[in-house]
Amino acid sequence: MFSPNLRTSKRGDRQTKATVNRSALISASKDTLTAEDSPTVRQRISEARKSGFLDLSSLNLSILPEPVWDIDNLVAILLGGNNFPAVPANLPSSFPNLQYIDLSRNKIASIPTNLVELEDLKVLDLSGNPDLEGRELPASYGPVRHRLAVFVDDESSHSSSRDYNNNSNESEDDNGDDSGEEVDEEGKTDTDDNDEDDAASHSSLSRQRRDLMEDVALEARKFFRRLGDLEDSDDLVSTFRRMLAGRDPTFVKYLLRRYGSAGSPGSPSSPRSGSMRGQAVFVRKEKERIADEERSQSRKAKASRVGSHYEDQ
């Protein structure tokens, strides 16, 4: 026998489910709006207006906050550890000077082709997005692989057998050119003052560059290990090593923010002993490489001055 109460019960269940779904949507919308307008977001956007470096990592965002689109000097945008379902549209036209894009650890399912339009872009990090794991890059990225590092696979799965910590011969060497090492007494006398000035300048620069190695050694080591996994990465490695040696401020800030303990997933607050040993090796190799480069440059400069001296006579 049909029971009217049964129909009423089913209708009530459907109404309850609909109410729950609407409530969930409203709650999610409120959470999104709250995240976009949080004090932290406002503060970091304010900082980015001055520095051109926007770090909105791990703030539960799913879209770019509206005020971001008004920033016209962005060179780096870090959005890792959020809930973005796609790479924000119109990045190339809105921020044509971008050099670093980090959208790691989001929910992105496709790799846009228009990002190759960013002529200054150096790093595009899409790692940690499960739907992109193992994905091939679009064909449009082929011509820019020599200047653009694109990370797609998860950073914890790197398997490179190449150890760039031991590649201390990336910089230019003197190619056996020892001219300038043996100079007659007259040449030495004429260039003594210049040599002393250069030595002091090189010494000061060396201290600054080696101090930087200490500051970012662990972060740089992580980055270069990932870089070694990329196909045909020799040009990229050389480029980024020169930037690090030259204390490129945006690159250094990117390394600290992206690969520091706050920016890298699962990073401990202090490195383990194994990481400390690796850090020490990296620092030593970089210092050796910088010293070799500076000795080579000093010899070439000295030889050039001596050559000019004899031409003037």
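Data block above holds the structure.
Residues numbered from 1 in each chain as written. Predicted model: local features only at pLDDT ≥ 70, side-chain atom pairs only at ≥ 80, totals over all residues. Heavy atoms only, no water.

Chemist: Can you break down the side chain of Ser127 residue by residue, with the values?
Modeler: Topologically, Ser127 is positioned in the loop between β4 (123-125) and β5 (149-151). Here Ser127 is in contact with Ser104, Arg105, Phe151, Val152, Asp153, Asp154, Glu155, Arg226 and Arg258, once residues within four sequence places are set aside. (Helix = DSSP H or I, 4+ residues; strand = E, 2+ residues; numbered from the N terminus. Contact = heavy atoms within 4.5 Å.)

Chemist: Could you give an account of the nonpolar core, with specific residues and numbers?
Modeler: Membership of the largest hydrophobic core comes to 35 residues, with the highest contact counts inside it found for Leu74, Ile101, Leu124 and Tyr141. With 3 residues, helix α2 (residues 39-51) is the single largest residue contributor to this core. Those residues in contact with Leu124 that lie beyond four places of it in its chain are Ile101, Leu115, Tyr141, Leu148, Ala149, Val150 and Phe151. Counting 23 residues, the second-largest nonpolar core is a separate cluster that includes Phe53, Val123, Phe240 and Val252. (Core = buried A, V, L, I, M, F, W, Y, C linked by side-chain atoms within 4.5 Å. Buried < 20%, exposed > 50% of the residue type's maximum accessible area, 1.4 Å probe, protein only.)

Chemist: Explain the environment of Arg147 residue by residue, including any values.
Modeler: Inspection of the secondary structure assignment puts Arg147 in the loop between β4 and β5. Every residue in contact with Arg147, bar those within four places of it in the chain, is listed here: Val116, Leu118, Glu119, Leu121, Lys122 and Leu236. Side-chain polar atoms of Arg147 contact the backbone oxygen of Glu119, separated by 3.4 Å. Of note is the side chain of Arg147, whose polar atom sits 3.2 Å from the backbone oxygen of Leu121. (Polar contact = N/O pair within 3.5 Å; in protein donor to acceptor, adjacent residues only side chain to side chain.)

Chemist: Before we move on, could you go through the sheet that holds β4 and cite the residues and values that matter?
Modeler: Spatially, 5 strands are ordered β1-β2-β3-β4-β5 in an open sheet, and the strand pairing comes out parallel. Across the chains shown, the open sheet's two edge strands, defined by having one partner strand only, are β1 (53-55) and β5. The average angle at which neighbouring strand axes cross in this sheet is 5°, direction not considered. Examined bridge by bridge, strand β3 (residues 100-102) and β4 share 3 bridges and lie parallel to one another. Note on β4: the bridge partner recorded for Asp102 is Asp125. The sheet contacts of helix α6 (residues 249-259) involve β1, β2 (76-78), β3, β4 and β5, and relative to β1 the element is tilted by about 0°. (Pairing = 2+ DSSP bridges. Axes fitted to C-alpha atoms, helices over the stretch in contact; angles between N-to-C directions.)

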